[in-house]
Amino acid sequence: MRHFIACNPAACWRWLAVFGIVVSSVSNVHAVSLPSERPVMQAFDLQTAPDIDGDVLDDPAWQGVVPASGFWQVQPNEGAAATQRTEVFIGFQGDALYIGLVAYDDNPDGIIVTDSRRDSGLDETDSFRVIIDGLLDKQNGYIFGTNPAGLEYDAQVVKEGVSGGFNLNWDASWSVQARITDIGWSAEMKIPFKSLRYGTGDRQVWGINFQRNIRRNNEVAYWAPLSRQRNLSRVSEAGTVEGIIPPAQRNLKFTPYVLARARRGGELVGTESDQEFGFDIKYSITPSLTLDATYNTDFAQVEADVQQINLDRFNLFFPEKRPFFLENAGQFQVGNNREAELFFSRRIGIGSGGIPIPIDAGVRVSGKMGGNTNVGFLYMAPEAVADIAPGNQFTVARVNQELPNRSSIGAIFVGRNGDGSSGLAGSDDWNRTYGIDGRLGIGENTLLQAWAALTDTPGLEGNEHAYSLQADHNSMKWRYRLAYTEVGENFNPEVGFLSRKGYRKYSGFGMRRIRPDDLLGLLEIRPMASYRGFWDFDGFQETGFLRTNIQLEWKNGYQFHTGINITRDGIKEPFDIVDGITVQPGTYDHSEWMIFFMTNRSAPLSFNMRATIGGKFGGDRISISPEINYRIGEKFTSSLSVSYNDFDLPGGKFSVMLSRLRLSYSFTPKILVQALLQYNDDSDVFGTNLRFSWLRSANTGFYLVYNEIDERSNGSLPKGRELIIKYNYIFDVFK
């Protein structure tokens, strides 16, 4: 396991080319014929508002409305008509858009419903989704979805979901009800126009597409047909809905909150309690441009971070979960996701170790000016907290001009001004990042992307640059990607994220999609190869990773992946991988075997496991990550996962394990209790996060949260406990 032939960039490109030639010789794909014209439907001016109870066919409000129908599969039988008929009704009345769904099913007992929690995944359940492109810019949109339990699912799509442009944490005020009947299932949605963004004009045309999943068949079908490599976020290939007459928009929402908190244990002596008040304001300057303001921002209801163990020498990435920062986050994103991001909102209001930092006030303007210009401005002012975080003012400005065929060009500025309490003189306590970015769509399947940035930090001079070039080709049969990234040794985006500094990176990826006509029940075979390599500016290779693998996916939802990884780790400085065991400088070349297996996740009981066995840092490593999921209907869900790593290194042997248990019970889609229990045996810490929520709309309502940190090692602090009660409510001022 400890030997391999080093792969330099030129050799790896040749290897990937050979791989592509071999795979392309596989004959498999039957011809697919899809309608070439994008479908068009009509929205109707309703005389009365529908009763939102899920009963579409017996509601007189829908009489006379002509539905859209005729859905096309992308799986399991690409290009074939959907196996069940679907009708979608669209109307408007007053201040809301209404959508009615009738999902006919000749076997209602076979309908699968796996969850009823807000924003739970819709892939493993019978479900329906709609994407709305109210500005008809063919790049951005909002998704609303549900299942037969009446689950509320909403998301924001920016740049067709590419490079982190899909935001499931965006939450709108809307409502839905669904029901199962003897003809299938049906649902009704009420989406206030205030929850959407759209253009001007009395009678408007919007982009729209629908997706229906019939889970027992592993079937996915769209109204505006797509090919297998696309999904609902592909706004440029959506159909259209004509005749929408939105009202003149006056939107001002005021969302105050009150909170009470009690803490004890940890570093505290006795019990500490406090109360807080704050609010958010949302005002629509135009139907497509929104002003958000916040005072004394609080995120107590947000789920705790998932614990991680760092077994390498690079920075770990923790995703943003706070609602204020997630809305329109895609508009502010420039860089390489989780690797080199010019703006990373967790730098604001979160200190070392994930400690919350109070935010006094903030303001954001985001949206669209004119037909194709996206703008964004963010200002936040967190408090200074002694011994934890200095006082700072953060400013982000963003502009992006959309061009035809998924293309765009933009610029971003990110700034931090400190108060000098960090130890720097006030005149030197600042940081600036300047960036430009662009995309160029070529035909339907090719996309070129690039960005470049400079930083300005007192005391640093030279090599403060970073840039990246990437080319993607994604067709029905093939997907390719080539990229180059360079990050200077002094590039320092203090309000961004860097996994590492001072490198040149080459990467490539190739994959073939094979759809057998009839082979052991397989839906798709995906042979693939990828490579990434990092070098410092002296030519020393710090990381090399070449993977060849094959993925098998069956029509019943099972998957099996296996492959070989060839790795190189170049260590320049010794580092402690865990306490007492040091990895010494040197170049370590290894190979490892990878396997992944997953059963049908829509079943009440499912299982998946990933295992990697091979060499690491001059020794051997076994990494195993099993997960088991169990549910009872759509109300109770549970997941137990373990991440286990066993190392046998020249410096010693050790093993570490992370265990995680998630539990959830939904009394209704809006009333639920959730638990996240985590144990880290490396630090011997047990964490508990319990949350009860009674929601009204857009994730506002009543929250009861209990947090506990139990550090069990010798000499650790007493068990820390925290109890939080929070209530927030949206006041629609102009309603």
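Predicted model, so just to flag it, every value in this text is computed and none were measured. Each chain carries its own residue numbering, running from 1 in the written order of its sequence. Where totals are concerned, whole chains, interfaces and linings use all residues; where local detail is concerned, this predicted model gives features only for residues with pLDDT of at least 70, and gives and counts side-chain atom pairs only at 80 or more. As a rule here, side-chain values come from all non-hydrogen atoms in the structure, and water together with hydrogens is ignored.

Turning next to the overall build of the protein. Secondary structure assignment for the protein yields 2 helices and 44 strands. The globule rule used here is 2.2 Å times the number of residues to the 0.38 power, and the radius of gyration it is set against is calculated over C-alpha atoms. Against the globule reference of 27 Å for 735 residues, the protein gives a C-alpha radius of gyration of 26 Å, in line with a compact fold. Counting only C-alpha atoms and orienting by the principal axes, one finds that the protein spans roughly 75 × 65 × 50 Å. Three exposure classes are used, based on accessible area relative to the maximum for each residue type with a 1.4 Å probe and protein chains only: buried under 20%, partly exposed in between, and exposed over 50%. The proportion of buried residues among the 735 residues of the protein is 53%. By element, 55% of the accessible surface of the protein is carried by carbon and sulfur atoms, the whole surface being about 31,400 Å². His residues and chain termini do not enter the charge count, which takes Lys and Arg as positive and Asp and Glu as negative. Here the site of a charge means atom NZ of a Lys, CZ of an Arg, CG of an Asp or CD of a Glu. Taking the average location of the 72 positive side-chain charges in the protein and that of its 86 negative ones, the two points are 3 Å from each other. Numbering of helices and strands starts at the N terminus; helices are DSSP runs of H or I of at least 4 residues and strands are runs of E of at least 2. What sets the accessible areas is the Shrake-Rupley method with a 1.4 Å probe; for residues, cover comes only from the shown protein chains.

Once that is clear, we can look at the pairing of strand S15 (residues 252–264). Note on strand geometry: in a regular strand, side chains alternate between the two faces of the sheet. One ladder, built from 13 bridges, connects S15 with strand S16 (residues 271–286); its direction is antiparallel. Opposite phenylalanine 254, over in S16, you have isoleucine 281 as the bridge partner. Strand pairing is defined by DSSP finding a minimum of two bridges between the two strands. Linking two consecutive strands that pair antiparallel, namely S15 and S16, is a turn of 6 residues; a positive phi of about 85 degrees is found at glycine 265 within it. Relative to strand S44 (residues 731–732), S15 is paired through 2 bridges, and the arrangement is antiparallel. Across the sheet, the residue bridging to lysine 253 is aspartate 732, located in S44. Note that S15 and strand S43 (residues 720–728) share 8 bridges and pair antiparallel. Along S43, the bridge assignment pairs alanine 262 with leucine 723.

Bringing the nonpolar core into the picture now. Throughout, nonpolar core names a set of buried Ala, Val, Leu, Ile, Met, Phe, Trp, Tyr and Cys residues whose side chains join them through atoms within 4.5 Å. Ranked by internal contacts, the top residues of the largest apolar core, which has 38 residues, are Phe144 and Phe210. When contributions to this core are tallied by element, the ones reaching two or more residues are strand S4 (86–93), strand S5 (96–104), strand S6 (127–133), strand S7 (141–146), strand S10 (175–181), strand S11 (184–192), strand S12 (204–214) and strand S14 (239–244). Any two residues whose heavy atoms approach within 4.5 Å are treated as being in contact. When residues no more than four places from it in sequence are discounted, the contact partners of phenylalanine 210 are Met41, Ala68, Phe71, Val88, Ile90, Phe128, Arg129, Val130, Ala221, Tyr222, Trp223 and Leu232.

Next up on the list: the pattern of salt bridges. The salt bridge definition used is simple: a Lys or Arg side-chain nitrogen within 4 Å of an Asp or Glu carboxyl oxygen. Evaluation of the coordinates by the stated rule reveals 51 salt bridges. With a closest N to O distance of 3.2 Å, arginine 261 and glutamate 722 form a salt bridge. Highlighted residues: arginine 261 in strand S15 and glutamate 722 in strand S43, separated in sequence by 461 residues. For the pair arginine 261 and glutamate 722, a shared accessibility class is recorded, and that class is buried. Lysine 368 is paired through a salt bridge with glutamate 402; the nearest N and O atoms lie 2.9 Å apart. Of this pair, lysine 368 sits in strand S20 (residues 359–369) while glutamate 402 is found in strand S22 (residues 392–403), placing the two residues 34 residues apart along the sequence. Exposure remark for glutamate 402: the relative accessible area of 4% places this residue in the buried category.

On to the sheet that holds strand S28 (residues 497–498), then. Backbone-to-backbone hydrogen bonds pair the strands of a sheet. The strands run either parallel or antiparallel. Spatial ordering of the open sheet is given by S18-S19-S28, a layout of 3 strands whose pairing is antiparallel. Strand pairing shows two members of the sheet lacking a second neighbour, strand S18 (335–336) and S28, which therefore form its edges. Pairing of strand S19 (residues 340–341) with S28 involves 2 bridges; the strand directions are antiparallel. Bridge pairing in S28 links alanine 340 to leucine 498.

Turning to the sheet that holds S10, a few remarks are in order. Read from one edge of the open sheet, 5 strands run S2-S4-S5-S11-S10, paired in mixed fashion. Each end of this open sheet is capped by a strand with a single partner; those strands are strand S2 (44–45) and S10. Sheet analysis places S5 next to S11, joined by 9 bridges and oriented antiparallel. Its bridge partner being in S11, alanine 103 is matched across the sheet by tryptophan 185.

What follows deals with the packing of aromatic side chains. Between the rings of Phe, Tyr and Trp (Trp by its six-membered ring), a pair exists once the centres lie within 6.5 Å; its type follows the angle of the planes, with under 30 degrees stacked, over 60 edge-to-face, and the other angles tilted. Throughout the structure, instances matching the rule amount to 31 aromatic pairs. Aromatic pair phenylalanine 210 and tryptophan 223: ring centres 5.2 Å apart, planes at 50 degrees, arrangement tilted. Of the two residues, phenylalanine 210 sits in strand S12 while tryptophan 223 sits in the loop between strand S13 (219–222) and S14, which places them 13 residues apart along the sequence. The residues phenylalanine 210 and tryptophan 223 share a single accessibility class, namely buried. Judged by centre distance (4.9 Å) and plane angle (5 degrees), the rings of phenylalanine 647 and phenylalanine 654 are stacked. A single burial state applies to phenylalanine 647 and to phenylalanine 654, both of which are buried. The rings of Phe71, Phe128, Phe210 and Trp223 are connected pair by pair, giving a single aromatic cluster. In this scheme, the term charge over a ring applies when either NZ of a lysine or CZ of an arginine sits within 6 Å of the ring centre and within 35 degrees of the ring normal. Its guanidinium or amino end placed over the ring of phenylalanine 314, arginine 500 lies 3.7 Å from that ring's centre, counting from NZ or CZ. One residue, arginine 532, lies across the ring of phenylalanine 545, its end atom 4.3 Å from the ring centre.

A few words on the environment of asparagine 474. Within the secondary structure layout, asparagine 474 lies in strand S26 (residues 465–474). Taking the relative accessible area as the measure of exposure, asparagine 474 reaches 12% and is therefore buried. For asparagine 474, the residues in contact, after removing those within four places along its chain, are Gln229, Arg230, Asn445, Arg479 and Arg513.

Another point: the pairing of strand S41 (residues 685–697). Direction of pairing for strand S40 (residues 671–680) relative to S41: antiparallel, over a ladder of 10 bridges. The residue bridging asparagine 680 from the neighbouring strand is valine 685, located in S41. Counted between consecutive antiparallel strands, the loop separating S40 from S41 contains 4 residues, among which aspartate 684 sits at a positive phi close to 55 degrees. Note that S41 and strand S42 (residues 700–711) share 12 bridges and pair antiparallel. Pairing of serine 697 across the sheet is with threonine 700, part of S42.

Turning to the confidence of the model for the protein, a few remarks are in order. Overall, the prediction assigns the protein a mean pLDDT of 91, with 95% of residues at 70 or greater. Looking at any residue, its pLDDT shows the predictor's confidence there, from 0 to 100. Long-range and interchain partners of residues 1–7, a stretch whose pLDDT sits below 50, account for 23 contacts in this model, where long-range means more than four residues apart. Scored below 50 in pLDDT, residues 15–31 makes 31 contacts in the model with residues more than four places away or belonging to other chains.

Before going further, it helps to spend a moment on a nonpolar patch on the surface. Exposure above 30% relative accessible area and the absence of a salt bridge qualify a residue for a patch, where like charges join within 9 Å and nonpolar side chains (Val, Leu, Ile, Met, Phe, Trp, Tyr) within 5 Å. Residues Tyr558, Phe597, Leu605, Phe607, Ile628, Tyr630, Ile632 and Leu640 make up a contiguous nonpolar surface patch of roughly 700 Å² in combined accessible area. For the nonpolar patch, the secondary-structure elements that each account for two or more residues are strand S36 (605–616) and strand S37 (619–632). It is S37 that provides the largest number of residues to the nonpolar patch, a total of 3 residues. Relative to the assigned elements, tyrosine 630 resides in strand S37. For tyrosine 630, a relative accessible area of 40% puts it in the partly exposed group.

Attention shifts here to the environment of leucine 326. With respect to the helices, strands and loops of the structure, leucine 326 is situated in helix H2 (residues 323–326). Here the alpha-carbon distance between leucine 326 and tryptophan 170, two residues 156 residues apart in the chain, equals 6.4 Å. For leucine 326, the residues in contact, after removing those within four places along its chain, are Gln156, Asn167, Asn169, Glu320 and Lys321.

This next bit is on the side chain of lysine 726. On the secondary structure map, lysine 726 appears in strand S43. If we ignore the near neighbours within four places in the chain, the residues touching lysine 726 are Tyr257, Val258, Leu259, Asp298, Phe299, Ala300, Gln301, Gly701, Phe702 and Tyr703.

As a further point, take unusual backbone geometry. Following glutamine 75, the chain continues to proline 76 via a peptide bond in cis, the omega torsion being 5 degrees. Residue placement: proline 76 occurs in the loop between strand S3 (72–75) and S4. Here the phi dihedral of asparagine 463 falls at roughly 55 degrees; this positive angle occurs in a residue that is not glycine. With respect to the secondary-structure elements, asparagine 463 resides in the loop between strand S25 (446–456) and S26. The residue alanine 698 is not glycine, and still its phi comes out positive at about 50 degrees.

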